[in-house]
Amino acid sequence: MFTLIFIIGLLVILWPLIGGAIASLFNYIVIVASSPFYWILRLIKRPKNSEEDDKISKTASSIAMCIVITAIFATLLIVFL
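This one's a predicted model, so the numbers in the text were calculated from it and none came from an experiment.

Participant: Help me understand unusual backbone geometry in this model?
Facilitator: A negative phi angle characterises most non-glycine residues, just as the trans form characterises most peptide bonds. Its identity is not glycine, yet Arg-46 carries a phi of approximately 50°, on the positive side. Assignment of secondary structure puts Arg-46 in the loop between helix H2 (15-45) and helix H3 (50-80).

What follows is the structure, given as structure tokens:
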């Protein structure tokens, strides 16, 4: 019983550190996943200025974020079902 309370207390105390690590990991996964989409869109659309390049970057990151979130949910479904 004491061990369980100790682990829960440790998780509560270290939650900002754990949450930051999880957020950084998720950020790097999205960056890696968006890279191929960015370069494919850049080859197809050929941006002429930085505004078009920013738009391509936002589009690629949103596509990658949707794919990463879908992959996380699919993994959770496979593991828990």
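More follows now that the structure is in view.
Participant: When you look at the packing of H2 against H3 in this model, what are you seeing that I'm missing?
Facilitator: Running from amino to carboxyl end, H2 crosses H3 at an angle of 135°, the nearest separation of the two axes being 7 Å. With respect to their mutual orientation, H2 and H3 come out oblique. The two elements H2 and H3 cross, and the hand of that crossing is right-handed. Tallied by class, the residues present in the contact of H2 with H3 amount to 16 nonpolar, four polar and three charged.

Participant: What should I look at first to understand the packing of aromatic side chains in this one?
Facilitator: Where two aromatic rings form a pair, the distance of their centres and the angle of their planes describe that pair. Taken as a whole and judged by the stated rule, the model has one aromatic pair. Geometrically, the ring pair formed by Tyr-38 and Trp-39 is edge-to-face, given 5.2 Å between the ring centres and 75° between the ring planes. Owing to a relative accessible area of 49%, Trp-39 belongs among the partly exposed residues under this scheme.

Participant: Teacher, can you tell me more about the packing of helix H1 (residues 2-13) against H2 here?
Facilitator: The relative placement of two packed helices is expressed as an angle between their axes plus a distance between the axes. Between H1 and H2, whose axes approach to 5 Å, the crossing angle comes to 65°. Residues Leu-11, Val-12 and Ile-13 of H1 form the contact with H2, whose participating residues are Trp-15, Pro-16 and Ile-18.

Participant: Got a minute to help me understand the environment of Ile-31 in this structure?
Facilitator: Within the secondary structure layout, Ile-31 lies in helix H2. Residue classification places Ile-31 among the partly exposed positions, given a relative accessible area of 46%. When the C-alpha atoms of Ile-31 and Ala-64 are compared, they prove to be 7.9 Å apart, with 33 residues separating the residues in sequence.

Reading the values: the criteria
- Residues numbered from 1 in each chain as written.
- Predicted model: local features only at pLDDT ≥ 70, side-chain atom pairs only at ≥ 80, totals over all residues.
- Heavy atoms only, no water.
- Helix = DSSP H or I, 4+ residues; strand = E, 2+ residues; numbered from the N terminus.
- Axes fitted to C-alpha atoms, helices over the stretch in contact; angles between N-to-C directions.
- Parallel < 35°, antiparallel > 145°, perpendicular 65-115°, else oblique.
- Left-handed = near helix turned anticlockwise from the far one by under 90°.
- Nonpolar A, V, L, I, M, F, W, Y, C, P; charged D, E, K, R; others polar.
- Phe/Tyr/Trp six-rings, centres within 6.5 Å; stacked < 30°, edge-to-face > 60°.
- Buried < 20%, exposed > 50% of the residue type's maximum accessible area, 1.4 Å probe, protein only.
- Contact = heavy atoms within 4.5 Å.

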